[in-house]
Amino acid sequence: MRVLKFGGSSVASPDRIQNVKEIVHSFVQKGEQLVVVVSAFSGVTDQLINMAKTAEQSDESYKDVWQELKERHIAAIQELLQGERQTQALEFLDKNLEHLSNLLKGTFLIQEASPRMIDQVSSFGELLSSYIIALYVDQELGGVKFLDSRRMIATDSNFLAAKVDFERTNQQLNDAIESDKSVHLMGGFIASNQDGVTTTLGRGGSDYTAAIVAAGVGAEELEIWTDVDGVMTADPRKVKRAFTLNTMTYEEALEMSHFGAKVIHPPTIQPVLEKNIPIRIRNTFNPEFEGTFIAHDVDDNQTVKGIASISDIVLLNVQGSGMIGVAGIAGRLFSALAKNKVNIILITQASSEHSITFAVKPVDAKNAKQAIEEAFEYELKAGLLDEIELQYDLSIVAVIGSKMKHTTGLSGRLFKALGNNGVNIFAIAQGSSELNISVVVEKSDEAKSISALHQAFFDTDLKTINIYLVGHGLIGKTLLEQMRSQQAYLLERYSLEMRLVGITNTRKMHFESKGMNILEVENFLEQSDMEADLRVFIENMKVYNLSNSILIDCTASKVPTNFYREVLESSISIVTPNKIANSGSYQDYLDYQHLSQKHHAHFLYETNVGAGLPIISTIKDLLKSGDEIHRIEAVLSGSLSFIFNTYSADNSFYEVVQAAKDRGFTEPDPRDDLSGKDVARKALILAREIGVALEMDEIDIENILPSSSIEAPTVDAFMDTLKAEDAFFVAKRDAALAEGKRLRFLASITRESTKVELVAVDAAHPFYDLSGSDNMVVLYSQRYKERPLVIKGPGAGASVTAAGVFAEIIRIGTQLKV
């Protein structure tokens, strides 16, 4: 004997009922005897209850819903049944809907829907669906007996959640089962008391009915057919990579159910658990899949089985010096709560006995507080207990698994995963059975916590990073193309998954919490109805609250940097070529470093200096390993490098600057480069990196332009001054050439001073043979005294800058601990 239960989604329409028939047929063909339990058509129970409540308010609109209900069932009958069976079903429908109409009419007149009345009204869903489906399956397969659940399941008179009389129920079931019938089909959820009055088993009652039947007839297995493949490791709406479990124990299933797993209801397990009957959760729409097998003992080595949560709880803290060493405090507390029918979800107590913390549903919070204040009135007045604290907007997240017991390191992985994602824990609970570890977190951190823990315990190789891109100009677009081209390689080689979750340009922004197709970014932005607003963009990042999030700032604007503190405080990492933040005040620079460490968020800015050249990372590595950098000399501007590497006796300064401008090496106004301020900002960052507390106004910047060029009102006028002042530049060039030297625009950094100047260098100097637009940094340190460490290469350009940004994104991703 096998018991199959089909939920509302499995019997929602005639075509789905046909699927149910095929599943039943597959078992009948194997010679198995079945009891099939079905729910009401999807949504019908809610309609019935709402009709009763509408009628109670003397609102005649319940009649419209009644008519819709009638038409839906008539349509199902006409599509599924033929001939005498169709007539039989329509007569049954008319009779019962007339009864329902009379009940609702009475409710309308007396304006009261008692629990007894609600039970009678809500019973019609299962009664009608089971009768129709029984006739249909018998029509197609034969050998089907319809069982009226009200004559099978015996209960007390506790309407809305009746208690089962198992002795009477088992007798009635076994009396009704006929050995010559291959299928017995009945509705779930409904029952009756000793007087034959209809009762219900409460929400989830159809699963419970199936379990009662399985236990009563001694079934070899209970199969619950629903619309998912089985019990999953986490809620798939919150964790993209959640997967179906092959096996789990009853205890694990109970824990998952308690913490919100919707596939199975906690009361369902008890009857079959006592008889040691296994449960299998299967998918009506994927019948070939074996689903999840639940039993006392299962043969697997999986330590953690699931991550589950309760989304909205209130934490109450009872504490005070009057609790220490006083016997009976806990007993009085929980007796007072039980007396007031307060259900406690989680309990934790400090070993000092100074406090007891417990969690309840928000609806019970005020009642719980009042109960405690009444029970401990004396202690509160005497100051032996502190005022009762309530903390709202919290969630419980639990890691569940029966094999967690005696497995070392699990708690450490849990706390590290949450800590690395900036999740604050308010309370912790773990029973001696070690079946679960529960933590209380902010409700806004629930989804991020589940995702981070799932990655830590299940995706042991996969590392997922969620990217928010600010700036979709040349560098931003190049970065996205590099990401797209490397996605498959990074996933295969490093198990690194990159998801572009948000993007904004100066006009529009777009978000997709599960990641967007990079190839479609242009279309997403063009079609987006969200106007660009960095404040809203940052708020969305915080609301999404995804684990392992990174903000990429590919702008040269100060506006995004105004949000850096807020981003880091939200445990969101930052990668940026934008040097404005690090070249502001020294205190701001220190603050970013501090916030990065405090909130476990990376703040990476290699491309602030030298585009993709490994300058800042090299300096950091030298200092970490104990070296001490005494001096830095550097060419830090690609445009100025090109200008002075190209300037010779064969051309004029004007011609060289114009060539640099034409190639896009300079800013639209070349004075922004020739002023030396951009080089000074980069020098400032390098000085700070080696530990110099330096401000921008402390840097000596040589002015290499004549006053007429500086004061020119337009860019064209400025370029004209370069022609007019050619002798000014020729004098500098020729003076250098006369000594066998070449002009280079250098940044010189020591612990005593930092300056930016035009210097003539001889053939022995590292910068003498510099060519093109290359940058070059020479580091003199304790280890590199006589022969300095030289870093040289392209220091500008969208491709190398984007590559530098991309490298830091990859660095964050590959360093994730799972």
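It should be noted that the structure appears before, not after, this text.
Residues numbered from 1 in each chain as written. Predicted model: local features only at pLDDT ≥ 70, side-chain atom pairs only at ≥ 80, totals over all residues. Heavy atoms only, no water.

With that out of the way, let us pick up the sheet that holds strand β2 (residues 34-38). Through backbone hydrogen bonds, the strands of a sheet pair up, either in parallel or in antiparallel fashion. Taking strand neighbours across the sheet as the criterion, the 8 strands line up as β3-β4-β2-β1-β7-β9-β10-β8 in an open arrangement whose pairing is mixed. Pairing within the sheet leaves two strands with one partner each, and these edge strands are β3 (144-147) and β8 (247-249). Sheet twist, expressed as the mean angle between neighbouring strand axes with direction ignored, is 20°. (Pairing = 2+ DSSP bridges. Helix = DSSP H or I, 4+ residues; strand = E, 2+ residues; numbered from the N terminus. Axes fitted to C-alpha atoms, helices over the stretch in contact; angles between N-to-C directions.)

Turning to the packing of helix α7 (residues 166-176) against helix α8 (residues 205-217), a few remarks are in order. At a minimum axis distance of 9 Å, the contact between α7 and α8 shows a crossing angle of 75°. With respect to α8, the axis of α7 lies roughly perpendicular. For the pair formed by α7 and α8, the contact residues are Phe166, Thr169, Asn170, Leu173 and Asn174 on the first element and Tyr208, Ile212, Val213, Gly216 and Val217 on the second. (Parallel < 35°, antiparallel > 145°, perpendicular 65-115°, else oblique. Contact = heavy atoms within 4.5 Å.)

Considering the arrangement of structural elements, one finds Ser485 in helix α16 (residues 474-494). The class for Ser485 is partly exposed, based on a relative accessible area of 41%. Of note is the side chain of Ser485, whose polar atom sits 3.0 Å from the backbone oxygen of Gln482. (Buried < 20%, exposed > 50% of the residue type's maximum accessible area, 1.4 Å probe, protein only. Polar contact = N/O pair within 3.5 Å; in protein donor to acceptor, adjacent residues only side chain to side chain.)

What follows is about the nonpolar core. Formed by 74 residues in total, the largest nonpolar core has its most connected members in Phe537 and Ile632. By residue number, the principal contributor to this core is helix α25 (residues 677-689), which donates 7 residues. (Core = buried A, V, L, I, M, F, W, Y, C linked by side-chain atoms within 4.5 Å.)

Attention shifts here to the packing of aromatic side chains. Overall, the coordinates contain 20 aromatic pairs when judged by the stated rule. Geometrically, the ring pair formed by Tyr131 and Phe146 is edge-to-face, given 5.2 Å between the ring centres and 90° between the ring planes. Here Phe146 lies in strand β3 and Tyr131 lies in helix α6 (residues 124-141), a separation of 15 residues in the sequence. Overall, the relative accessible area of 12% leaves Tyr131 in the buried class. With centroids separated by 5.2 Å and ring planes inclined at 85°, the aromatic side chains of Phe728 and Phe729 adopt a geometry described as edge-to-face. By relative accessible area, which is 30% here, Phe728 ends up partly exposed. Under the relative-accessibility criterion, Phe729 is labelled buried at 3%. One aromatic cluster is present, formed by Phe644, Tyr647, Phe653, Phe728 and Phe729 through successive ring pairs. A cation over an aromatic ring shows up here: Arg493 above the ring of Tyr494, its NZ or CZ 5.0 Å from the ring centre. The lysine or arginine in question, Arg742, covers the ring of Tyr768, its NZ or CZ lying 4.1 Å from the ring centre. (Phe/Tyr/Trp six-rings, centres within 6.5 Å; stacked < 30°, edge-to-face > 60°. Lys NZ or Arg CZ within 6 Å of the ring centre and 35° of its normal.)

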